[in-house]
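# A closer look at the structure
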Amino acid sequence: MALETETDSIVQQFEYSDNDVNKAVKEFLRQADEGLEKDGTSLSQIPTYVTAVPNGTEKGLYMAVDLGGTNFRVCSIQLLGDGTFSHTYNKVAVPKNLMVAKKAEDLFAFLAQEIKKFLEEHHSEDFEHHIRRRMTVSSPDGFRDEHIFRMGFTFSFPVKQVGINKGTLIRWTKGFDIPDAIDKDVCALLQAEIDKLHLPIKVAALVNDTVGTLMARSYAAPGKNGSVLGAIFGTGTNGAYVEKLSKLKKPLAGDYDQSTGEMVINTEWGSFDNQLNVLPTTKWDASLEKDSLNPGFQMYEKRVSGMFLGEILRLVVVELLNNPEVSFFKDENSSSNDRGSVTIISRDSGLFKQWGLDTAIMSTAELDQDPELTGLRQALENNLHVYAPAYEDALAFKKVAHAIGRRAARLSAVAIGAIVLQTGKLNDKDVTEEDPIDIGVDGSLVEHYPGFRPMIYEALRAIDGIGEEGAKRIRIGLTQDGSGVGAALIALVAAGME
Ligand code: ADP
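Only a predicted model underlies this, so the values are computations on that prediction, with no experimental measurement involved.

### Remarks on the overall build of the chain
The helix and strand tally for the chain stands at 17 helices and 15 strands. Taken against the 2.2 N^0.38 rule, which gives 23 Å for 498 residues, the C-alpha radius of gyration of the chain at 25 Å falls within 12% of a compact globule. Scored against the burial criterion, the 498 residues of the chain give a buried share of 47%. Partitioning the intrachain contacts of the chain with sequence separation of at least 6 by distance along the chain shows that 73% fall at a separation of at least 24.

Have a look at this one:
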C-alpha cells in the first residue's frame, strides 16, 4: 500500500497541466522573438541561409556526407522528382588518432579520401566521365559546372554559420579535439582536400540535421502548403522552421536569396528557458542538473529528450529503493512473484550508475499491457539486472516511467505548438484538414515510444489559439534520413542560388 501511495505522489509531481502548457507556449513565443532580434539569448534562432523548402518535384544526383561523431557517412542520392529517391552509402569509423590530430588537414584529408573511395566504388562511370571531361575542358578548375556533384555537409558540432556553405567551428565536442580547426571554415577545409584529389565535387551546403529533417519531410510529404517545421526527439531535441524574413531582425553575416521572403531558422530549442521561468522542476530534475556536465544549459532538452528521461527515472527508482517506508524491488513483494523466488538486484545494475538506465526501457514499460507485466519484468531482468521483480514493483516502475514520458510529450507540444502559432499559418484559409500544416519529426522517442504523438496532440488541443479545430489541421509525420536526402536537398537549393 505504501508503495502505491508513494508512487501516486511521485506521478503527481510530474503532472503538467493544460494551464502549464499554455504558460510555457507564451514564454516560448517571447523567447523565440527575442532570439530573432539579437544574439546571446536562450533560443538562439540561428539563420541557416536556406530560403526555400522543396515541393517534391526536385530531381538529380547529389552527394551528402555526415560527420556526426563516431562515424563518417558518405552518400549519393538520386532524387526522382516524385517525392521519392534512391540512395547508396558507405559508413566508416573515424580513426581515433584523427579525432585529436595535430592539423585540421589530417582529418579533412581522410574525409576527402573516403569520398574518393565512394565515388570509385559506386560512381565509377560518372566519375570517369567527369575525369575525361576535365581533360577536354579547360575551365579554371578543370570541370564543367554541370559535371560537378553538389554536396551537402552535415557537420554536427557547434559552428557559426555565415553563409549557406560557410561556417566556422566554435568548439569540438564528442571526443574530437583539433585546436588547429577552431575558427576555421569547415566547408573550406573539406573543399581544399577535395580539390587536392581533383574530385568533381563542390561543398554546396553546410547542413544542420534538424534543417535536413525539415527538407526531407517537405520533399517526401509536401502537401499544398509545404512543411513548416522539422523536429528531432532523439538523444537530444531541436527544431528548425520556416520564418518570414521580415521577422528576422538581427543582422546576417552573409548573402542569401531574398526572393522567397523566408528563411529556415534553427531554433536550438534544447536551451529554451535556461533561466527556468516556466519549465517544471521536480527534485529529480534538480538532482540530474546538479550532476550534469553542463549545469544551467539545455534545460528544456533535459526534460524532453532520450538522453535524459532514463536518468530522471533512475533517480526516482533509486529514491524508492532507499526509502525505508516502502517495499520496492525487495523480498516483501515476492509472494506475488509467480516464480516464488526473491527479488535480487545485481550490484552491477545500471540503476546504481549515472546514465545507467537506457530510456528505451520506458518504451517497453509503456508497451506492456499484459496483466502480469511479463514483458516489462523480463526487461527489468535483462537490462537492469533486477531478478524476479514482483508485479507491484513493475507496476510502480511503469507508472513513474509513464508520468515522465507524458510530461516529456506535453513539453514537446509546447515547442511544436508555439512554432505553429509563430508561423501564423492556422489563420490561413488554405490550411485545412485535407491540406494541413505539415511537420516532420525524427528520433527514437517519437518513433518508438508508444503513444508519444497522441500525447503531443492531446496537449496541442489544449493550447489557446490551436484548440480541437486547429489540432486537426496539424499533421505530424515521421521523417528519416535528414542527413542524407535532407542534406542533398539543401545542396540542391544552394546550387539554385549560385
Ligand atoms: P540520435 O538522436 O543520436 O540520432 P536516436 O534518435 O536513436 O539517435 O535517439 C537515441 C536516444 O533515444 C538515446 O538516448 C536512447 O536512450 C533513446 N532510445 C533508444 N531507443 C528508444 C526507445 N525504444 N524508446 C525510447 N527511447 C529510446
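### Considerations on the domain arrangement of the chain
For the chain, the domain assignment lists domain 1 (1-48 + 221-482) and domain 2 (59-207). Between the C-alpha centres of domain 1 and domain 2 the distance comes to 34 Å. Of the residues belonging to the side of domain 1 that touches domain 2, the class tally is three nonpolar, two polar and one charged.

### Considerations on the confidence of the model for the chain
When pLDDT is averaged along the chain, the result is 91, and 93% of the positions lie at 70 or above. The model gives residues 135-140 a pLDDT under 50, and that stretch makes two contacts with residues more than four places away or in other chains. Scored as a complex, the prediction yields pTM 0.91 and ipTM 0.98.

### What to know about the packing of helix 7 (residues 209-220) against helix 17 (residues 482-497)
One way to put it is that helix 7 packs onto helix 17 with a least axis distance of 7 Å and a crossing angle of 80°. As far as their axial angle goes, helix 17 and helix 7 are roughly perpendicular. Where helix 7 approaches helix 17, its residues Asp 209, Val 211, Gly 212, Thr 213, Met 215, Ala 216 and Tyr 219 are matched on the opposing element by Gly 482, Ser 483, Val 485, Gly 486, Ala 487, Leu 489 and Ile 490.

### What to know about the site of the ligand
The local shell around the ligand holds 15 residues, among which Gly 234, Gly 306, Ser 363, Ser 444 and His 448 are the closest. Elements that contribute at least two residues to the shell around the ligand include exactly helix 10 (306-322), helix 11 (360-367) and helix 14 (444-448). Split into classes, the residues belonging to the shell around the ligand amount to five nonpolar, nine polar and one charged.

### Thoughts on helix 7
With twelve residues, helix 7 should cover 16 Å at 1.5 Å per step; its first-to-last C-alpha distance of 16 Å lies within 8% of that length. By the criterion of burial, helix 7 is predominantly enclosed, with twelve of the twelve residues buried. Regarding helix 7, the residues found buried are Asp 209, Thr 210, Val 211, Gly 212, Thr 213, Leu 214, Met 215, Ala 216, Arg 217, Ser 218, Tyr 219 and Ala 220.

### Notes on the environment of Asp 177
Its place among the elements puts Asp 177 in the loop between strand 7 (166-169) and helix 6 (186-196). Using a count of 13 C-beta atoms within 10 Å as the deciding quantity, one classes Asp 177 as partly exposed. For the pair formed by Asp 177 and Thr 359, sequence separation is 182 residues and the distance between their alpha carbons is 29 Å. If we skip the residues at most four places from it in the chain, Asp 177 touches Val 100 and Trp 172.

### Observations regarding the environment of Gly 470
Among the secondary structure elements, Gly 470 is positioned in helix 16 (residues 467-472). Along the chain, Gly 470 and Asp 285 lie 185 residues apart, while their C-alpha atoms are 32 Å from each other.

### Comments concerning the sheet that holds strand 4 (residues 85-93)
One open sheet accounts for five strands, arranged 4-3-2-5-8; its pairing is mixed. Strands at the two margins of the open sheet, each flanked by one partner only, are strand 4 and strand 8 (201-207). Across this sheet, the average inter-strand angle for adjacent strands is 20°, counted without regard to direction. Where strand 2 (residues 59-67) and strand 5 (residues 149-155) come together, five bridges link them in parallel fashion. Its bridge partner lying in strand 5, Leu 67 is registered against Phe 155. Contacts between helix 4 (residues 104-122) and the sheet are confined to strand 2, strand 3 (71-80), strand 4 and strand 8, with strand 3 contributing the most and set at about 45° to the helix.

### Describing the sheet that holds strand 14 (residues 437-442)
What the six strands build is an open sheet, ordered 1-11-10-9-14-15; its pairing is mixed. The strands lining the two open edges of the sheet, one partner per strand, are strand 1 (46-47) and strand 15 (474-478). Here five bridges tie strand 10 (residues 237-244) to strand 11 (residues 262-266), and the two strands are oriented antiparallel to one another. Among the inter-strand pairings, Lys 244 is bridged to a residue of strand 11, identified as Glu 262. With respect to the sheet, helix 7 is in contact with strand 9 (227-233), strand 10, strand 11, strand 14 and strand 15, its orientation differing from that of strand 9 by roughly 130°.

### A short note on the packing of helix 8 (residues 283-290) against helix 10
In contact at an axis separation of 9 Å, helix 8 and helix 10 are set at 115° when each is read in the N-to-C sense. In terms of axis orientation, helix 8 runs roughly perpendicular to helix 10. As for the relative orientation of helix 8 and helix 10, their crossing is right-handed in sense. Facing helix 8, whose interface residues are Trp 284, Asp 285, Ser 287 and Leu 288, helix 10 presents Phe 308, Glu 311, Ile 312, Leu 315 and Val 316. Among the residues making up the contact of helix 8 with helix 10, the classes are represented as six nonpolar, one polar and two charged.

What counts, and at which threshold
Residues numbered from 1 in each chain as written. Predicted model: local features only at pLDDT ≥ 70, side-chain atom pairs only at ≥ 80, totals over all residues. Helix = DSSP H or I, 4+ residues; strand = E, 2+ residues; numbered from the N terminus. Rg over C-alpha atoms; globule rule 2.2 N^0.38 Å. Buried ≥ 20, exposed ≤ 12 C-beta atoms within 10 Å, placed from the backbone. Contact = placed C-beta atoms within 7 Å. Domains from an automatic or database assignment. Nonpolar A, V, L, I, M, F, W, Y, C, P; charged D, E, K, R; others polar. pLDDT = per-residue confidence, 0-100. Axes fitted to C-alpha atoms, helices over the stretch in contact; angles between N-to-C directions. Parallel < 35°, antiparallel > 145°, perpendicular 65-115°, else oblique. Near = placed C-beta within 6 Å. Expected span 1.5 Å × (residues − 1). Pairing = 2+ DSSP bridges. Left-handed = near helix turned anticlockwise from the far one by under 90°.

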